[in-house]
Amino acid sequence: MNDSLRPRLLAPSGACDCHMHIYDRRFRAEPSWPIALPDAPVSAYRTVQRQLGVERAIIVQPNGYAFDNACTEDALRQMGASTRGIATVRPDVTDAEIERLARAGFRGARCHMLKGGYLSWHDVDEIAARVRAFGWHVQVQLDGRELPRHEHRLARLPTDVVVDHNGKFLEPVPTSDPAFRSLLRLFSRDNFWVKLSAPYETSKTGAPRYEDVSALARALVAAQPDRCVWASNWPHPGTSPTPSNATMLDLLLDWAPDEALRRKILVDNPARLYGFADT
C-alpha cells in the first residue's frame, strides 16, 4: 500500500501514536530470534509522523531485542520529550534499573504472552509488583480468547493494565462472546486501558473495514471512551502486505465517529496514561 497517502482524519494537536516500534541495524537481535528484523529507524518513523500529523509516540520494545532495551532507549533519546517507552524487563529487575529506564522516558513494562514472548504468567505478577512503586503500568498482549482463564489474575494486578490490539482475539469473536465479555468486565475497572490498533493482525474479513475486529473496537469505545488509546503498530512487523498507516488512523472515523471522542482517544487519554500532561 502507498505509505505516502494522507489520512482523511485530521489529527488534533497533541495526538499520540500509542504503539510503534523502532528497529535499528546498529543493534543486534536476540540470538535466539528466528527471523531477520526489519529496518525501521527513527528517521523512517519521522516520515510517518508527518504523514499522520501525530506529535507524540510510544515506542514499544520489540520482541526481537528481548530484554535488551538499548535500541528503544536510543530512540527515546533521539525523539525527546514527545515520546515515552515501554520496556521488556525480567521479573528480578532491580530498582536501580527501573529508575534508570524511567529517567530515559520509559513508563511501562511489556508482557507479551503469545508465542515469541519471554515471560510466564507468574512473571507478570512479579513484574507488576516490581514496577508499581515507579508509577509504571503493565502492557499485556495475549490471545483474547484466553481472557476468561486469566481474568482474575489480571484483575488483581496492582498497576494500570494496558491490553493490546483490541484484545487481540486471534479468531475474532462476536461482542456477545464470553471472552469479549471478560474483556469488558476488566475494562470496567478504573485501571484498565485498551489500545485500538492492528486489526489486520487478526481480522478474517480483512481490509479495508476489518469489520469483525471493528465491531469489537466500536464496542470498546462505547464502553469506556476515557480509557481507549489509538496506535499505528508501525512498522507492522511480520505483516505482508504492509497496511497503510493512513488507513489505520482513518479507522477511527468508524470506531469513534464523534470528534470529541477522537480527541479523547488521540490526545487526552494518552496524556494521562503516559504522563504527557506533566510535561
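Figured I'd write up the structure that's included with this text. In this text, all values refer to a predicted model and were calculated from it rather than measured experimentally. All residue numbers here refer to positions counted from 1 along the written sequence of the relevant chain. Thresholds applied to this predicted model are a pLDDT of at least 70 for local features of residues and 80 or more for the giving and counting of side-chain atom pairs; totals over whole chains, interfaces and linings are not thresholded and use all residues. Processing note: side-chain calculations cover all non-hydrogen atoms of the structure and skip hydrogens and water entirely.

Some remarks on helix α4 (residues 121-131)
Link 1 in the chain: Considered for burial, the residues of α4 that qualify are Trp121, Asp123, Val124, Ile127, Ala128 and Val131. Projected down its long axis, α4 shows its buried positions confined to an angular sector of 140°, all on one face.
Link 2 in the chain: Looking at the packing, one finds that the buried side of α4 touches α3 (95-104), β4 (106-112), β5 (137-141) and α5 (147-156). The buried label applies to any residue whose accessible area, calculated with a 1.4 Å probe on protein chains only, is under 20% of its type's maximum; exposed applies above 50%, and partly exposed to all values in between. Secondary structure elements follow DSSP: runs of H or I no shorter than four residues count as helices, runs of E no shorter than two count as strands, and numbering proceeds from the N terminus. It is the directions from the helix axis to the C-beta atoms whose arc is reported. Throughout, a residue-residue contact means that at least one pair of heavy atoms, one from each residue, lies within 4.5 Å.

Considerations on the sheet that holds β5
Link 1 in the chain: Strands sit in the order β1-β2-β3-β4-β5-β6-β7-β8 across an open sheet of 8 strands; the sheet is parallel. Two strands in the sheet have a free side with no partner beyond their single neighbour: β1 (16-20) and β8 (228-230). Adjacent strand axes in the sheet meet at a mean angle of 25°, parallel and antiparallel pairs treated alike.
Link 2 in the chain: Strands were regarded as paired on the criterion that DSSP finds at least two bridges between them. Pairing analysis gives 3 bridges linking strand β6 (residues 161-163) to strand β7 (residues 192-196), with the strands arranged parallel. By the bridge assignment, Val161 is partnered in β7 with Phe192.
Link 3 in the chain: A fitted line through C-alpha atoms represents every axis, and for helices the fit uses only the stretch in contact; the resulting angles, taken between N-to-C directions, go from 0 to 180 degrees. Along the sheet, helix α7 (residues 211-223) contacts β7 and β8; its crossing angle with β7, the most-contacted strand, is approximately 140°.

Focus: the side chain of Thr83
Link 1 in the chain: Turning to its location among the elements, Thr83 is positioned in strand β3 (residues 83-87).
Link 2 in the chain: The class for Thr83 is buried, based on a relative accessible area of 2%.
Link 3 in the chain: By the criterion applied in these results, polar contacts are pairs of N or O atoms within 3.5 Å in which, for protein atoms, one can donate a hydrogen and the other can accept it, and in which residues neighboring in sequence qualify only through two side-chain atoms. At 2.8 Å, the side chain of Thr83 forms a polar contact with the backbone oxygen of Gly80.

What to know about the nonpolar core
Link 1 in the chain: Ranked by internal contacts, the top residues of the largest apolar core, which has 74 residues, are Ile22, Tyr45, Leu196, Leu220, Trp230 and Leu252.
Link 2 in the chain: Per-element tally for this core: the top contributor is helix α6 (residues 178-187), with 6 residues.
Link 3 in the chain: Excluding anything up to four places from it in sequence, Tyr45 contacts Asp17, Met20, Ile22, Val54, Ala57, Met79 and Trp234.
Link 4 in the chain: By size, the runner-up hydrophobic cluster in this structure holds 13 residues, among which are Val60, Ile86, Ala271 and Phe276. Definition of nonpolar core: a set of buried residues of the types Ala, Val, Leu, Ile, Met, Phe, Trp, Tyr and Cys, connected through side-chain atoms within 4.5 Å.

Describing the side chain of His112
Link 1 in the chain: Along the chain, His112 turns up in strand β4.
Link 2 in the chain: At a separation of 3.4 Å, a polar atom in the side chain of His112 contacts the side chain of Asn63.
Link 3 in the chain: In this structure His112 touches Asn63, Gly117, Tyr118 and Gln141, once residues within four positions along its chain are discounted.

Observations concerning the pairing of β3
Link 1 in the chain: Of all 5 residues in β3, 5 are buried; the element is thus mostly enclosed.
Link 2 in the chain: The alternating pattern of β3 places Thr83, Gly85 and Ala87 on one face and Arg84 and Ile86 on the opposite face, and all of these are buried.
Link 3 in the chain: In this sheet, β3 lies alongside strand β2 (residues 56-60) in parallel orientation, the contact comprising 4 bridges. Bridge pairing links Ala57 to Thr83 in β3.

A few points about the state of the cysteines
Link 1 in the chain: When two cysteine sulfur atoms lie within 2.5 Å, the pair is treated as a disulfide. Here the structure, examined in full by the defined rule, presents 0 disulfides.
Link 2 in the chain: Not engaged in a disulfide, the cysteine Cys71 finds its nearest cysteine sulfur in Cys16; these two sulfurs lie 18 Å apart.

Let's talk about unusual backbone geometry
Link 1 in the chain: In this structure, Pro235 follows Trp234 across a cis peptide bond, with omega equal to 0°.
Link 2 in the chain: With respect to the helices and strands, Pro235 occurs in the loop between β8 and α8 (245-250).
Link 3 in the chain: Following Ser240, the chain continues to Pro241 via a peptide bond in cis, the omega torsion being 0°.
Link 4 in the chain: For Pro241, the location among the structural elements is in the loop between β8 and α8.
Link 5 in the chain: One non-glycine residue, Asn166, lies in the positive phi region at around 60°.
Link 6 in the chain: Looking at where Asn166 falls in the secondary structure, it is placed in the loop between β6 and α6.
Link 7 in the chain: At Lys168, a position not held by glycine, the phi torsion is positive, near 45°.
Link 8 in the chain: Its location among the elements puts Lys168 in the loop between β6 and α6.

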